[in-house]
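The residues making up each chain are set out below.
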Amino acid sequence: MASIVDPPPNVMNFSRSEAIAGGKKKSNMEMYNALQATNKGSKREDPLKILDPSSKKLVTVESQRIMAVLDDTICKVRLVTLLPELTQNLDSYSSLISADIRSMLEEHYKLELLFSKVFILQEEEETVAHTSSAKKGTVDGEPELMSYESLVTYRSQLQQQIRHSTRSIVRLFTRNHSSLEAVLKRVSERPSAATSLISTANNLRSIVMEKLLTTREEEEERSRYIQQIVQREAKASVEVRKLEELLHEASEEREADLNKRNIEIKKLKSDLAQLQKSSNEVNKRIKSDALKQEVSDSKTSESKCDRLKQSITQLRAQLTQAVAEHRQSEQSLRGRKIKTESALETWIAKYDADMGERQEEFEQIDAVYKIEKQQLEDLETRFQVLEEEYTRIMEERRIAAEQKAEEERRMRLLTKAAVVIQAHWRSFATRKKLKQKKKGKKGKGK
């Protein structure tokens with residue numbers, strides 16, 4: 001239907017087909033405008049709204065009962081598909097279920113294990129069922145000792161027991177709504193086939209819900225609406241065919257135009273090849289001119305080098321003259337240095353006199369410092385006595401803490417030993433009881 005909404009290519013590019021189409025231009029534009037008008041009118045209302053039922057709630061008691069049965073069935077299917085995960089991980093999900101449900105799940109798990117064992121044995125015995133080495137046993141014995149017929153019978157009995165166990169577990173969960181909600185929320189691992197079954201059941205529920213909400217009048221109106229859509233589709237397909245024919249004509253015109261342009265491209269390519277040839281010749285000329293220029297530049301550079309050598313000799317003569325002048329200035333500077341050294345000696349003598357005075361002041365300050373140092377030593381001796389007493393007190397506290405920690409460690413060790421002894425005693429008692437039970441069972445069997 002996208003070809004009906006979008007304008008045809010011959011309408012968008014009408015200037016290309018104007019010379020060929022001629023009188024068809026007006027009819028094509030009128031057809032396109034009519035289609036656009038019908039599409040705009042159909043967009044005002046939602047075409048799928050009429051397919052939805054008018055009522056959103058079930059009115060009759062029978063429909064409500066049907067939906068209740070469907071919801072109950074889906075809930076039970078969800079619960080039953082989670083039973084393998086529950087039975088295999090009872091310890092991790094024990095907080096979600098009650099004690100009676102846990103015991104039933106344990107019995108159900110034992111039945112499943114026994115059923116799988118019998119199924120494997122049945123497959124093994126099927127190959128040797130009619131030979132002389134076939135086993136002979138009754139249903140009441142061990143599965144390993146049963147014959148093929150006994151295994152088949154025992155398997156059917158186990159299937160019946162598993163059905164009864166599943167029904168009992170479902171009844172217990174339906175009575176305990178809190179456990180049911182917790183299991184459905186927390187446990188989510190189930191086989192892929194079970195997931196597809198639940199999704200199919202949910203789809204069936206939505207279909208049944210829609211059917212129950214739809215009245216007879218709505219069904220008739222829906223069928224009439226679908227017939228109208230089919231008729232519109234037939235009309236639209238006719239218009240699409242017409243537009244496709246117009247598109248075919250426009251594509252032919254476009255191909256003719258492309259052929260013309262291809263011819264022009266070939267001409268331009270030949271012109272481009274000629275330009276490349278001419279450009280190569282120009283490049284050769286430029287290279288020859290550049291070589292000539294390079295030769296002339298090398299000659300000029302040699303003349304410049306000669307001039308620079310002459311300037312270097314002149315500069316060397318100027319350097320020797322400058323060295324002689326600098327020696328004279330050095331002698332004058334040395335005389336000035338001698339004068340500054342004599343002045344420096346006078347300043348040193350003056351500095352020595354000042355330092356004598358400063359030494360006397362230092363000795364006075366040193367005497368005051370020694371007095372204060374003696375006072376500091378007295379205070380340090382007092383502090384040392386206090387520090388020794390403090391270290392003694394802290395050592396006593398440390399020893400007391402270590403004794404307390406040792407007592408706590410010893411108490412923990414004794415407690416752990418008592419726990420280990422009690423555990424060994426319990427295990428010994430349970431083993432003793434189990435031995436007594438086994439002896440009692442053997443006596444009854446004899």
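Not measured: the values here are computed from a predicted model.

### Notes on the overall build of the chain
And then number 1: A tally of regular secondary structure across the chain gives eleven helices and zero strands.
And then number 2: Here the chain holds 446 residues, and the buried ones make up 16% of them.
And then number 3: The contacts of the chain with a sequence gap of at least 6 include a subset with a gap of at least 24, amounting to 72%.
And then number 4: Working note: accessible area of the chain is about 36200 Å², and carbon and sulfur atoms make up 56% of it.

### Topic: the nonpolar core
And then number 1: L86, I97, L105, F173 and V183 are the most contacted members of the largest nonpolar core, which totals 18 residues.
And then number 2: Where this core is concerned, the elements lending two or more residues are α6 (83-88), α7 (99-126), α8 (148-175) and α9 (177-186).
And then number 3: The greatest single-element share of this core, amounting to four residues, is contributed by α8.
And then number 4: Grouped together as the second largest cluster of nonpolar side chains are seven residues, L111, V118, L121 and L158 included.

### Re α9
And then number 1: Along α9, the positions that sit buried rather than exposed are S179, L180, V183 and L184. In an axial view of α9, the angular spread of the buried residues amounts to 125°, which keeps them on one side of the axis. For α9, the exposed residues lying more than 90 degrees away from the buried face are H177, S178, K185 and R186.

### Notes on a nonpolar patch on the surface
And then number 1: Taken together, the side chains of L344, W347 and I348 present a nonpolar region at the surface, about 350 Å² in accessible area.
And then number 2: On the secondary structure map, L344 appears in helix α11 (residues 216-445).

### Examining the confidence of the model for the chain
And then number 1: Residues of the chain with pLDDT of at least 70 account for 81%, and the chain-wide mean is 78.
And then number 2: Averaged pLDDT values over the elements of the chain bottom out at 37 in helix α1 (residues 2-5) and peak at 86 in α11.
And then number 3: Ignoring residues within four places in sequence, the model shows residues 1-32, a span with pLDDT below 50, making 37 contacts including any to other chains.
And then number 4: Segment residues 130-134 is flagged for pLDDT under 50; beyond a separation of four residues in sequence, or across chains, it makes two contacts in the model.

### Quick look at the packing of helix α5 (residues 61-81) against α9
And then number 1: Running from N to C, α5 and α9 cross one another at 65°; their axes reach a closest spacing of 10 Å. As far as their axial angle goes, α9 and α5 are roughly perpendicular. Two packed elements cross with a definite hand, and for α5 against α9 that hand is left-handed. Between α5 and α9, the contacting residues are C75, R78 and L79 on the first element and L180, V183 and L184 on the second.
And then number 2: Class assignment of the residues belonging to the contact of α5 with α9 gives a composition of five nonpolar, no polar and one charged.

### Describing the pattern of salt bridges
And then number 1: On inspection of all chains with the given rule, the structure shows ten salt bridges.
And then number 2: One salt bridge in this structure joins E106 and R102, with 3.4 Å as the shortest N-O distance. In this pair, E106 and R102 both sit in helix α7, four residues apart, roughly one turn of the helix.
And then number 3: For R102, a relative accessible area of 24% translates into the label partly exposed.

### Things to note about the packing of aromatic side chains
For any pair of aromatic rings, geometry is given as the distance between the ring centres together with the angle between the planes.
And then number 1: A full pass over the atoms with the stated rule returns one aromatic pair.
And then number 2: Taken together, a centroid distance of 5.7 Å and an interplanar angle of 35° make the contact between W425 and F428 tilted. With a gap of three residues between them, W425 and F428 both fall in helix α11, about one helical turn apart.

### Side note on the packing of α5 against helix α10 (residues 192-213)
And then number 1: Where α5 meets α10, the axes come as close as 10 Å, and the angle between the chain directions of the two elements is 175°. Considered as vectors, α5 and α10 are oriented roughly antiparallel to each other. Of α10, the residues touching α5 (which contributes S63, I66, M67, L70, D71, I74, V77, R78 and T81) are A194, L197, I198, A201, N202, L204, R205, V208, M209 and L212.
And then number 2: In the contact of α5 with α10, the residues fall into 13 nonpolar, three polar and three charged.

### Side note on a negative patch on the surface
And then number 1: On the surface, a cluster of negative charge is made up of D352, D354, E357, E360, E361 and E363.
And then number 2: Mapped onto the elements, E360 comes out in helix α11.
And then number 3: The exposure class assigned to E360 is exposed, which follows from its relative accessible area of 54%.

### Quick word on the side chain of S165
And then number 1: Looking at the secondary structure, you find S165 in helix α8.
And then number 2: Residue classification places S165 among the buried residues on the basis of a relative accessible area of 7%.
And then number 3: Non-local contacts of S165, meaning those with residues more than four positions away in its chain, are made with M104, H108 and L111.

The rules we used
Residues numbered from 1 in each chain as written. Predicted model: local features only at pLDDT ≥ 70, side-chain atom pairs only at ≥ 80, totals over all residues. Heavy atoms only, no water. Helix = DSSP H or I, 4+ residues; strand = E, 2+ residues; numbered from the N terminus. Buried < 20%, exposed > 50% of the residue type's maximum accessible area, 1.4 Å probe, protein only. Contact = heavy atoms within 4.5 Å. Areas by Shrake-Rupley, 256 points an atom, 1.4 Å probe, with all protein chains shown as cover. Core = buried A, V, L, I, M, F, W, Y, C linked by side-chain atoms within 4.5 Å. Arc of directions from axis to C-beta. Patch = residues over 30% accessible without salt bridge, like charges linked within 9 Å, V, L, I, M, F, W, Y side chains within 5 Å. Salt bridge = Lys/Arg side-chain N within 4 Å of Asp/Glu carboxyl O. pLDDT = per-residue confidence, 0-100. Axes fitted to C-alpha atoms, helices over the stretch in contact; angles between N-to-C directions. Parallel < 35°, antiparallel > 145°, perpendicular 65-115°, else oblique. Left-handed = near helix turned anticlockwise from the far one by under 90°. Nonpolar A, V, L, I, M, F, W, Y, C, P; charged D, E, K, R; others polar. Phe/Tyr/Trp six-rings, centres within 6.5 Å; stacked < 30°, edge-to-face > 60°. Lys, Arg positive; Asp, Glu negative; His and termini not counted. Charge placed at Lys NZ, Arg CZ, Asp CG, Glu CD.

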